[in-house]
Amino acid sequence: MALRGAEEGAQEENLRRTLEPHKDATLFLAPARVGHRKKMNLKSERRGIHVDQSELLCKKGCGYYGNPAWQGFCSKCWREEYHKARQKQIQEDWELAERLQREEEEAYASSQSTQGAQSLTFSKFEEKKTNEKTRKVTTVKKFFTASSRAGAKKAAQEKIVKQGHLGRERNADNILRDLKEIFTPSWELASPTEAEIQESKSPSPSINRQASIETDRVSKEFIEFLKTYHKPGQDIYKQCKLFLDTMNHKRDLSIEEQSECAQDFYQNVAEKLQTRWKVPPEKVEKAMDQIEKYIMTRQYKYVFCPETTDDEKKDLAVQKRIRALHWVTPQMLCVPVNEEIPEVSDMVVKAITDIIEMDSKRVPRDKLACITKCSKHIFNAIKITKNEPASADDFLPTLIYIVLKGNPPRLQSNIQYITRFCNPSRLMTGEDGYYFTNLCCAVAFIEKLDAQSLNLSQEDFDRFMTGQTSPKKQESDSWSPDVCLGVKQMYKNLDLLSQLNERQERIVSEAKKLEKDLIDWTDGVAKEVQDIVEKYPLEIKPKNQALAAIDSENVENDKLPPPLQPQVYAG
C-alpha cells in the first residue's frame, strides 16, 4: 500500500525524474497485450509492436507504475478494485443466501399451513393462559420475599469493588511495564535471545528449527537498526513479532490472502510511524526496508513458490519457451549492442549475472536491486556502443535479449514473489519500479513472441522453432559497410553449424541404410547355407574296425618261427 500523505510529493518528483529522459520515447518490441491495454503500431520499414512510455503507468491514471500481474493497475488501485469486487461478490452471495432461505421458509410455511390451521386457535389460548398465570405468581412472590433490588444492588457493589482491585493491579502492572520500557534500552528488550525464546514457544514446528546463518545475521542487523529509533523501535519490534506469530497461524490461507496480510501490515506500520511517532518520510522508507528484510527472510521458505500455486509450472513453461528461442539473434530484436567491444561484452556478462543472481536473494528489495543493477549495465553497454545516452527504444529490446541469453531460473516465481510481498511503494515509483515493469513487459513479450514481431515469415519461424534449420548468413553483397567483423563472423559460424547439421543428418541416414544392408546380408547368407544343407544332406558312416595288435591271436601268427630260447653252455 502506497503512502499518499507526506510522501506523495516526493514520489511524484521521483516519477518525473525517472520518465524525463524517456518522455518522447516509445518501447519497441513490447508485448501485444501487456496488462490487456498495449496498442500495436507498425513501422513502415519494419513490423513490430510499440508501447508508449505512458502505458507503463497505472491505467487508472493515478501516476504510479502499473503491473501486468495487477491487470495494469498499481498496487493501491489494484487493492481497491480487488476489495470492491470482493465486497460485491460477498453481497451477491449474501443476497442469494437470504433469497434461498426466504423461499425455503415460505415453502415450509405453506406445507404446514394446512396441518396447523385446526390447532392454531387452541394453541394461542393455551399460551395466553400460561402467561397470565406466570405473571400472577411473580406478583404474589414480590410481596412475601426480600427486595430483589437490594440484593442486585449489593451484588453490583461487590462486583465493582472486585473490578476496582483487579483494575488497580492491572494499572500497576502497566505502569511497571511502561517504566521498564522507558528506562531499559531497546536492544535489551529486543535481544536475539528473547526472539529465539519467543520463536521456540511458537506452535509452528518449522519455527523450532535452527535458524540459518543468514536469518541470524539479518536479525542482528535489524536489532542494531532499531537502536537508532528508541521508543518507536521497540514498537516496531513488537509489531513484527506479532505479525510473524499471526502468519505462523495462517499457513492454510491462500498465497493471495497472505499477500494481503503482508501489505496491510506494511501500511499499518508506515502510518503509525508517520502519525503516532512523527518519523520523517525518509526514515520511514528506511524503516520499511529493514522491516521487509527482517520479515521476508523468515517467511521466504513458506511464501516463495508455494505448492498451492502454479508458479513452478509457469517457471518450467517460460524456461522451455526461452530454450526454444535460442536461435533469436540481436539483429532480429534490433539490439544496439556490439559485443565485439570488450567493455560492452563485460557489461553484457554482468547484466546476465545480475539477472541470474536474483534467484539467490531472499528479500524482495534485494531481488529488485539485482534487476536494477542488470538494467544499469544494459544502459552502460548501449551507451558505449552508440557513444550517446540510451533510450527506452534501445533498453527494452536489449533487456529481452539478456533474458533470452541468460534464461534466469524460476523467473515467474521471482516476479510473483516481488509482486506479492515487496513494499508496494518501490514498485509504484522510482527506478526500481520502472525497471521491474520493463522486466514484466519483457517476459510477457517472450511468451507472446511470434513471426511478425521478428519480421519473419511464419514458415521460417516454425522451422526455427522446431530446430529444422537456423538463421542463414547474409550474402556478402548485402552487408552494410557499418557492420562489424564480429557480426559477419557470427553469421559465418551459424552457416557452418547449419552445414554440420545437414552433414550429420546425412550421416545418420546413411548409417541407418548400412544397418539395414547388414541385416539383409546376414539373412541372405543364412538362407543360402540352409538351402545347401537341404540339398546336400550330411551322411554319417559307421566307425572303421581298429587294426589288430602284433601279439594278438590270429592265423598268420602260426607261420612265424618259434621264438628263440636261451641256451646254457658248460664251460
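From a predicted model like this one, the values you see are computed outputs, not experimental measurements. (Residues numbered from 1 in each chain as written. Predicted model: local features only at pLDDT ≥ 70, side-chain atom pairs only at ≥ 80, totals over all residues. Heavy atoms only, no water.)

A.B. asks: Sorry, what's going on with the overall build of the chain here?
C.D. replies: A count of helical and extended segments in the chain gives 20 helices and two strands. Across the 571 residues of the chain, 38% fall into the buried class. For the chain, long-range pairs separated by at least 24 residues make up 72% of all intrachain contacts whose partners lie at least 6 apart in sequence. Just so you have it, the chain exposes about 36600 Å², and 55% of that area is on carbon and sulfur atoms. (Helix = DSSP H or I, 4+ residues; strand = E, 2+ residues; numbered from the N terminus. Buried < 20%, exposed > 50% of the residue type's maximum accessible area, 1.4 Å probe, protein only. Contact = heavy atoms within 4.5 Å. Areas by Shrake-Rupley, 256 points an atom, 1.4 Å probe, with all protein chains shown as cover.)

A.B. asks: Just checking my understanding: could you explain the confidence of the model for the chain for this structure?
C.D. replies: Do not read the fine detail of predicted coordinates wherever pLDDT is low. Residues with a pLDDT of 70 or more make up 64% of the chain, whose mean pLDDT is 75. Between residues 185-211, whose pLDDT stays under 50, and residues either more than four places distant or in other chains, the model counts 37 contacts. Throughout residues 473-477 the model reports pLDDT below 50, and contacts reaching past four residues in sequence, or to other chains, amount to seven contacts. (pLDDT = per-residue confidence, 0-100.)

A.B. asks: Quick question: what am I supposed to make of the environment of D310 here?
C.D. replies: The residue D310 is located in the loop between helix 10 (281-303) and helix 11 (311-324) in this model. Classification of D310 as partly exposed rests on a relative accessible area of 40%. In this structure, the C-alpha to C-alpha distance between D310 and S413, residues 103 residues apart in sequence, is 9.2 Å.

A.B. asks: Before we go on, may I ask you to explain the packing of aromatic side chains in this structure?
C.D. replies: Note on aromatic pairs: each is described by the distance of the centres and the angle between the planes. Under the counting rule described, the total for this entry stands at 15 aromatic pairs. Taking the centre distance of 6.4 Å and the plane angle of 50 degrees together, the rings of F265 and Y266 count as tilted. For the pair F265 and Y266, a shared accessibility class is recorded, and that class is buried. The interplanar angle of 45 degrees and the centroid separation of 5.0 Å between the aromatic rings of W327 and F464 together place this pair among those described as tilted. Here W327 is found in the loop between helix 11 and helix 12 (330-333), whereas its partner F464 is found in helix 19 (residues 458-466), with 137 residues between them in sequence. For F464, a relative accessible area of 10% gives the class buried. Linked through ring pairs, Y300, F304, Y417 and F421 together constitute an aromatic cluster. When the ring centre of Y302 is taken as origin, the NZ or CZ atom of R251, which lies over that ring, is 3.7 Å away. The aromatic ring of Y229 is capped on one face by K283, whose charged end is 4.6 Å from the ring centroid. (Phe/Tyr/Trp six-rings, centres within 6.5 Å; stacked < 30°, edge-to-face > 60°. Lys NZ or Arg CZ within 6 Å of the ring centre and 35° of its normal.)

A.B. asks: Any chance you could explain the environment of A442 here in plain terms?
C.D. replies: Looking at where A442 falls in the secondary structure, it is placed in helix 18 (residues 430-448). The spatial distance from the C-alpha of A442 to the C-alpha of I402 is 9.9 Å, given a sequence separation of 40 residues. The contacts of A442, once residues within four sequence positions are left out, are L396, L399 and I400.

A.B. asks: Explanation requested: the packing of helix 14 (residues 364-386) against helix 16 (residues 411-421) in the structure shown.
C.D. replies: When two helices pack together, their arrangement is given by the angle between their axes and by how far apart the axes lie. At a closest axis distance of 9 Å, the pairing of helix 14 and helix 16 adopts a crossing angle of 125 degrees. By the criterion of interaxial angle, the relationship of helix 14 to helix 16 is oblique. For helix 14 against helix 16, the interelement crossing comes out left-handed. Contacts from P364, K367, L368 and I371 of helix 14 reach helix 16 at N414, Y417, I418 and F421. By residue class, the composition of the contact of helix 14 with helix 16 is six nonpolar, one polar and one charged. (Axes fitted to C-alpha atoms, helices over the stretch in contact; angles between N-to-C directions. Parallel < 35°, antiparallel > 145°, perpendicular 65-115°, else oblique. Left-handed = near helix turned anticlockwise from the far one by under 90°. Nonpolar A, V, L, I, M, F, W, Y, C, P; charged D, E, K, R; others polar.)

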